[in-house]
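# Coordinate analysis (summary)
Each chain, written out:
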Amino acid sequence: MSKQIHLAAHFPGVNNTTVWSDPQAGSHIEFDSFKRFAQIAERGKFDFLFLAEGLRLREQNGRIYELDVVGRPDTFTILAALAAVTEHLGLTGTINSTFNEPYDVARQFASLDHLSGGRAAWNVVTSWDAFTGENFRRGGFLPQDQRYERARTFLQTAAELWDSWAPSDLLADPDSGQFVARADAGAYGHHDDHFDISGRFNVPSPPQGRPVIFQAGDSHDGREFAASSADAIFSRHGTLEDGKAFYEDVKGRLAKYGRRRDDLLILPAATFVLGDTDADAQEKAHEVRRQQVSGQTALRFLEQLWNRDLSHYDPDGPLPQEDPDLGEHTIARGRASVRRHDDILETARSWRAKAEAENLSIRELIIEVTARQNFIGSPQTIADTINDYVQQDASDGFILVPHITPEGLAPFVDQVVPLLQERGVFRTDYEGGTLRENLGLRPQTEQGIVRGVAS
Ligand SMILES: Cc1cc2nc3c(=O)[nH]c(=O)nc-3n(C[C@H](O)[C@H](O)[C@H](O)COP(=O)(O)O)c2cc1C
């Protein structure tokens, strides 16, 4: 039997795939955009809507980076509002475990789960950098291993808080006048190096027991964290070969935690460009890339690798002959992309060689090397490709990031979803009442994830 595909919608925003300058693009802060986006996803029977997190405005050359969408409103406020205008769609929020407190976050997700009737999910991230940390009382940052240690114990603490109430604890019996069935409902205590807290949790057991747990880090520690504790991974391994390798790696880590391969879903982010024909889609994709990478954007990208001010270069001219500055990275702050180049000199050399061989300008080169268009083609081609990837275990589905907000999702829902449904690999209606049921996941406690972590 074919695997069922899971689909989700990532509200576009602070990234260079989002084309805010297109006449069709809407606001990234008015509620109407979020509402329309969520309702399109729900019309397509998508599993959930996804929000990423960024808690500090990015900077480059000491100034706000103002070429992409700047600013984003608070996750819980948006998701709570969306709970009121949707019925089935899961609501996934990215919330970091480095700058927050477990009691607050557990309360917020338990509340969202109640308000939405069991549709809350938490993407537990450890966040990128000390630059963001400057916004918070704890200040500074934590080295990676300590961030994951804190993430583990943070999630454990949150799980203890959610589990401190059993569903049967809420009695509300008018005859006896008794509201709570058990005297110690909500009682908890957690004591370790990171959290030394005790008391009573004041939100009764959420409909899902615990929200669905996502994880997004990519290192060995991040993957182990996912294998021991998460229900799904938001990954960036969206191509066929890379996706298969990542899938195999992470699913292979589950057995040692006593978990089954289908206890953890792998859902890469993916972009798409649809056309009437494959050729038409290729043409559109080229146009979208030009919209995504202006001359100024290309220079900013190049500066992130070169680690120096290149504003005097002509984006329509050749690449710099000078080498990147290998000293401490100072040019871009709060941007994720700078961390992805392992060997900076080698990357610069290969970019120069490519530009020379293909006679590419700075802008043309950046358009090519930063291309992140996963699926390009007619509805038929895209439906076939997505299905092929899922059946070949490159993923369990995709978190789609349209480039136009909010209407960019509609063509996919109207043209690709029906083809997946015809092939019997995507639902024609929601199976269950909760997100966990729609994702086909067992409750965490049934998987042996007792205190937020399986062992
Ligand atoms: C696909 C992906 C998405 C991420 N999304 C976010 C995010 O929205 N907000 C955030 O603060 N960190 C995000 N992170 C950062 C991770 O939480 C983590 O801090 C970072 O990846 C470093 O850990 P690693 O070395 O295990 O990857 C993301 C990471 C990945 C791989």
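Residues numbered from 1 in each chain as written. Predicted model: local features only at pLDDT ≥ 70, side-chain atom pairs only at ≥ 80, totals over all residues. Heavy atoms only, no water.

On to the site of the ligand, then. Surrounding the ligand, one finds 16 residues, the nearest of these being Glu 53, Tyr 148, Ala 216, Asp 218 and Ser 219. Interatomic distance of 2.7 Å between a backbone N/O atom of Glu 53 and a nitrogen atom of the ligand. Between Ser 219 and the ligand, the recorded distance is 2.5 Å, taken from a side-chain N or O atom to an oxygen atom. Burial of the ligand by the protein amounts to 91% of the accessible area it has alone, namely 610 Å². Ranked by residues supplied to the shell around the ligand, first place goes to helix 5 (residues 144-163) with 3 residues. Its residues assigned to classes, the shell around the ligand comprises 6 nonpolar, 6 polar and 4 charged. (Near = heavy atom within 4 Å. Polar contact = N/O pair within 3.5 Å; in protein donor to acceptor, adjacent residues only side chain to side chain. Areas by Shrake-Rupley, 256 points an atom, 1.4 Å probe, with all protein chains shown as cover. Helix = DSSP H or I, 4+ residues; strand = E, 2+ residues; numbered from the N terminus. Nonpolar A, V, L, I, M, F, W, Y, C, P; charged D, E, K, R; others polar.)

Compared with an ideal rise of 1.5 Å per residue, which puts 13 residues at 18 Å, helix 12 (residues 379-391) spans 18 Å between its outermost C-alpha atoms and is within 8% of the ideal. Within helix 12, burial applies to Pro 379, Ile 382, Ala 383, Ile 386, Asn 387, Tyr 389 and Val 390. Axial view of helix 12: buried residues confined to an arc of 160°, hence all on one face. Elements in contact with the buried residues of helix 12: helix 7 (240-251), strand 14 (272-274), strand 16 (375-377), strand 17 (397-400) and helix 13 (410-422). (Expected span 1.5 Å × (residues − 1). Buried < 20%, exposed > 50% of the residue type's maximum accessible area, 1.4 Å probe, protein only. Arc of directions from axis to C-beta. Contact = heavy atoms within 4.5 Å.)

On to helix 9 (residues 295-306), then. Along its 12 residues, helix 9 runs 16 Å from first to last C-alpha, staying within 8% of the 16 Å computed at 1.5 Å per residue. Burial analysis of helix 9 places 11 of its 12 residues in the buried class, which makes it a mostly covered element. Restricting attention to buried positions, one finds in helix 9 the residues Gly 295, Thr 297, Ala 298, Leu 299, Arg 300, Phe 301, Leu 302, Glu 303, Gln 304, Leu 305 and Trp 306. Where the residues of helix 9 are buried, they touch strand 3 (59-60), helix 8 (278-292), strand 15 (332-333), helix 10 (344-358) and helix 11 (362-369). In the stretch just after helix 9, Asn 307 is the one whose phi turns positive, near 55°.

On the surface, Leu 57, Ile 64 and Val 70 cluster together into a nonpolar patch covering about 230 Å² of accessible area. Within the secondary structure, Val 70 is located in the loop between strand 4 (63-64) and helix 2 (75-85). What makes Val 70 partly exposed here is its relative accessible area of 40%. (Patch = residues over 30% accessible without salt bridge, like charges linked within 9 Å, V, L, I, M, F, W, Y side chains within 5 Å. Salt bridge = Lys/Arg side-chain N within 4 Å of Asp/Glu carboxyl O.)

Attention now moves to the sheet that holds strand 17. Reading around the barrel, the 8 strands line up as 1-2-5-6-11-12-13-17 and close back on themselves, with parallel pairing between neighbours. The average angle at which neighbouring strand axes cross in this sheet is 30°, direction not considered. Pairing of strand 2 (residues 48-51) with strand 5 (residues 90-96) involves 4 bridges; the strand directions are parallel. Bridging across to strand 5, Phe 48 finds its partner in Gly 90. Docked against the sheet, helix 3 (residues 102-115) engages strand 5 and strand 6 (120-125), running at close to 150° with respect to strand 6. (Pairing = 2+ DSSP bridges. Axes fitted to C-alpha atoms, helices over the stretch in contact; angles between N-to-C directions.)

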